[in-house]
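Tertiary structure, described
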Amino acid sequence: MGGLQPWHWLIVIALAVLLFGFKRLPDAARSLGKSMRIFKSEIKEMQSDSKPDAAAPPATPIASERADAPAPEAEQPTDKHPA
């Protein structure tokens, strides 16, 4: 009951041919394969980027993240209007 039987696959294939036609199906499969290869390569690149390098120095926080740095001064509104 959990798997698709052969006649289910025949119905799916028949619907795909009716919707897309014989000429567009190979192009659609080709572009889907290319998209999957690109997706896999991006995932591998992201995973390799997330691994810390042993030779890399520790990151230093920027000035806005430092606890010892004074808070930036906000501009005070003035009552002077340009003439």
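Being a predicted model, the structure only gives us computed values, none of them experimental.

1. As for the overall build of the protein chain
When helices and strands are counted, the protein chain shows one helix and zero strands. The buried share among the 83 residues of the protein chain stands at 0%. Carbon and sulfur atoms make up 64% of the accessible area of the protein chain, which amounts to about 8,600 Å² in all.

2. Observations concerning the pattern of salt bridges
The tally for this structure, following the rule as stated, stands at one salt bridge. Between R30 and D27 there is a salt bridge; the shortest N-O distance is 2.8 Å. Pair noted here: R30 and D27 are both in helix α1 (residues 6–50), with a separation of three residues, about one helical turn. Using a relative accessible area of 54% as the deciding quantity, one classes R30 as exposed. Of the residues examined, D27 reaches a relative accessible area of 44% and is grouped as partly exposed.

3. Digging into α1
Here α1 spans only 43 Å end to end across 45 residues, well under the 66 Å set by a 1.5 Å rise per residue. Residue G21 marks the point of greatest curvature in α1, where the axis turns by about 100 degrees.

4. Considering the UniProt feature "transmembrane region" (unreviewed entry) in the protein chain
Under the UniProt annotation, the feature "transmembrane region" (unreviewed entry) is placed at residues 6–22. Across residues 6–22 one finds 100% helix and 0% strand; the C-alpha atoms that close the span lie 21 Å apart.

Cut-offs applied
Residues numbered from 1 in each chain as written. Predicted model: local features only at pLDDT ≥ 70, side-chain atom pairs only at ≥ 80, totals over all residues. Heavy atoms only, no water. Helix = DSSP H or I, 4+ residues; strand = E, 2+ residues; numbered from the N terminus. Buried < 20%, exposed > 50% of the residue type's maximum accessible area, 1.4 Å probe, protein only. Areas by Shrake-Rupley, 256 points an atom, 1.4 Å probe, with all protein chains shown as cover. Salt bridge = Lys/Arg side-chain N within 4 Å of Asp/Glu carboxyl O. Expected span 1.5 Å × (residues − 1). Bend = angle between axes of the 7 residues up to and from the residue. UniProt positions renumbered as here; feature names shortened; annotations may be inferred.

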